[in-house]
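Commentary on secondary and tertiary structure
The residues making up each chain are set out below.
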Amino acid sequence: MLHATAPDGARIGFDTAGTGEPLVLLAGQANSRHWWDWVRADFSASYTTIAIDCLGTGDSDSPPHAEWGTRRFARDVIAVLDELGVGRAHVYGTSMGGRVAQWVAVDHPDRVGALVLGCTTGGGAGSVPAGPDVLGPLGVADTAGEALIALMVGPQWRWGHPGRLPVLGDNGMTERARREHRRASARHDAWDALPGIVAPTLVLHGTDDQLSPAENGSRLAARIPGAQLHLIEGARHAYFLERREQASAAVLRFLAAHPLTQF
């Protein structure tokens, strides 16, 4: 485990695996870098993957008086790249990690090669929220666990993959950190800034995603100049697990088409 120091002194945990061009992996809300455990090898075979524990998760600090927000989390990504001496990297963010990735690309265009945004939204006026019928069961202790699993993956895929999924949250988080993650994700609004993204961008979204309705993918791709949209038929929020072969292949093709000139 490695650590970088954020501008406010917080320690940000991360690790690296593989060789090749650097690829930052950003996880969803209230999840550590282990969100990527089941698919990371797909990318580490060709890239140096840099998986980051967002503030409050994994081996990162959870300071009581920290600033919390997707734009702040993006600055933490830059602190990690600085710690590694990496000038430019590809960035792949999913769910809240996709929101963070947007700010990395907006605020630090010189640090981003190719940008991949999965199952996420631009926030603000352009986002399509999940309905109360979808979110309601997540707030009830007796139903939250199974409801979250059902939003992440379909029953047929789940039947063939027993055990705890890596996308159900970091059990080591404090309750305060969980609340701050929810607020950060809900308050994300990069909508007005998205047209300024210059990185080649791929947007992926499952067509059966109810947690972040698929219309978000279409709107996001239309908002970012030149962005490509790849819809994954029948996949739910964790499309990268349910349709691993298809999703990983799409990302790898896109990254290969946009190699870094220096890093």
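In the block above lies the structure referred to throughout.
Let us look at the structure shown here.

1. Some remarks on the overall build of the chain
The helix and strand inventory of the chain stands at 10 helices and 8 strands. For the chain, whose C-alpha radius of gyration is 17 Å, the value lies close to the compact-globule estimate of 18 Å for 263 residues. Counting only residues that meet the buried cut, the chain has 53% of its 263 residues in that class. For the chain, the proportion of contacts with a sequence separation of at least 24, taken over those separated by at least 6, is 76%. As presented, the chain carries roughly 11000 Å² of accessible surface, and 51% of it is formed by carbon and sulfur atoms. Charged side chains in the chain number 23 positive and 28 negative. The centres of these two groups are separated by 2 Å.

2. So, helix α10 (residues 244-257)
Here α10 is 14 residues long and its end C-alpha atoms lie 20 Å apart, about the 20 Å a rise of 1.5 Å per residue gives. Those residues of α10 that sit buried are Ala247, Ser248, Ala250, Val251, Phe254 and Leu255. Angular distribution of buried residues about the axis of α10 spans 155°; they occupy a single face of the element. Among the exposed residues of α10, those pointing more than 90 degrees away from its buried face are Glu245, Arg253, Ala256 and Ala257.

3. Overview of the packing of aromatic side chains
The description of an aromatic ring pair rests on the distance of the ring centres and on the angle between the ring planes. The final tally for this structure, using the stated rule, is 7 aromatic pairs. Considering the side-chain rings of Trp35 and Phe240, the 5.5 Å spacing of their centres and the 40° angle between planes classify their relative orientation as tilted. You can see Trp35 sitting in the loop between β3 (21-26) and α1 (40-44) and its partner Phe240 sitting in helix α9 (residues 239-242), a full 205 residues away along the chain. Judged by relative accessible area, which is 2%, Phe240 ranks as buried. Ring geometry for Phe43 versus Tyr92: centroids 5.8 Å apart, planes at 85°, classification edge-to-face.

4. Observations regarding the sheet that holds β3
Here we have 8 strands laid out as an open sheet, ordered β1-β2-β4-β3-β5-β6-β7-β8, and mixed in their pairing. What marks the edges here is a single partner per strand, and that holds for β1 (2-5) and β8 (228-232). Neighbour to neighbour, the strand axes of the sheet diverge by 25° on average, direction disregarded. Alignment of strand β7 (residues 201-206) against β8, held across 5 bridges, turns out to be parallel. Across the sheet, the residue bridging to Leu204 is His230, located in β8.

5. Structural notes on the nonpolar core
In terms of nonpolar packing, the biggest core is built from 46 residues, with Val24, Leu26, Ile52, Phe73, Val91, Val104 and Leu115 touching the most fellow members. By residue number, the principal contributor to this core is helix α2 (residues 70-84), which donates 7 residues. Among residues more than four places away in sequence, those in contact with Val24 are Ile50, Ile52, Val77, Leu81, Ala89, His90, Val91 and Tyr92. In terms of nonpolar packing, the next biggest core, distinct from the first, is built from 32 residues, Ala114, Met152, Leu168 and Phe240 among them.

The rules behind each value
- Residues numbered from 1 in each chain as written.
- Predicted model: local features only at pLDDT ≥ 70, side-chain atom pairs only at ≥ 80, totals over all residues.
- Heavy atoms only, no water.
- Helix = DSSP H or I, 4+ residues; strand = E, 2+ residues; numbered from the N terminus.
- Rg over C-alpha atoms; globule rule 2.2 N^0.38 Å.
- Buried < 20%, exposed > 50% of the residue type's maximum accessible area, 1.4 Å probe, protein only.
- Contact = heavy atoms within 4.5 Å.
- Areas by Shrake-Rupley, 256 points an atom, 1.4 Å probe, with all protein chains shown as cover.
- Lys, Arg positive; Asp, Glu negative; His and termini not counted.
- Charge placed at Lys NZ, Arg CZ, Asp CG, Glu CD.
- Expected span 1.5 Å × (residues − 1).
- Arc of directions from axis to C-beta.
- Phe/Tyr/Trp six-rings, centres within 6.5 Å; stacked < 30°, edge-to-face > 60°.
- Pairing = 2+ DSSP bridges.
- Axes fitted to C-alpha atoms, helices over the stretch in contact; angles between N-to-C directions.
- Core = buried A, V, L, I, M, F, W, Y, C linked by side-chain atoms within 4.5 Å.

By themselves, these observations are geometric and do not establish any function.
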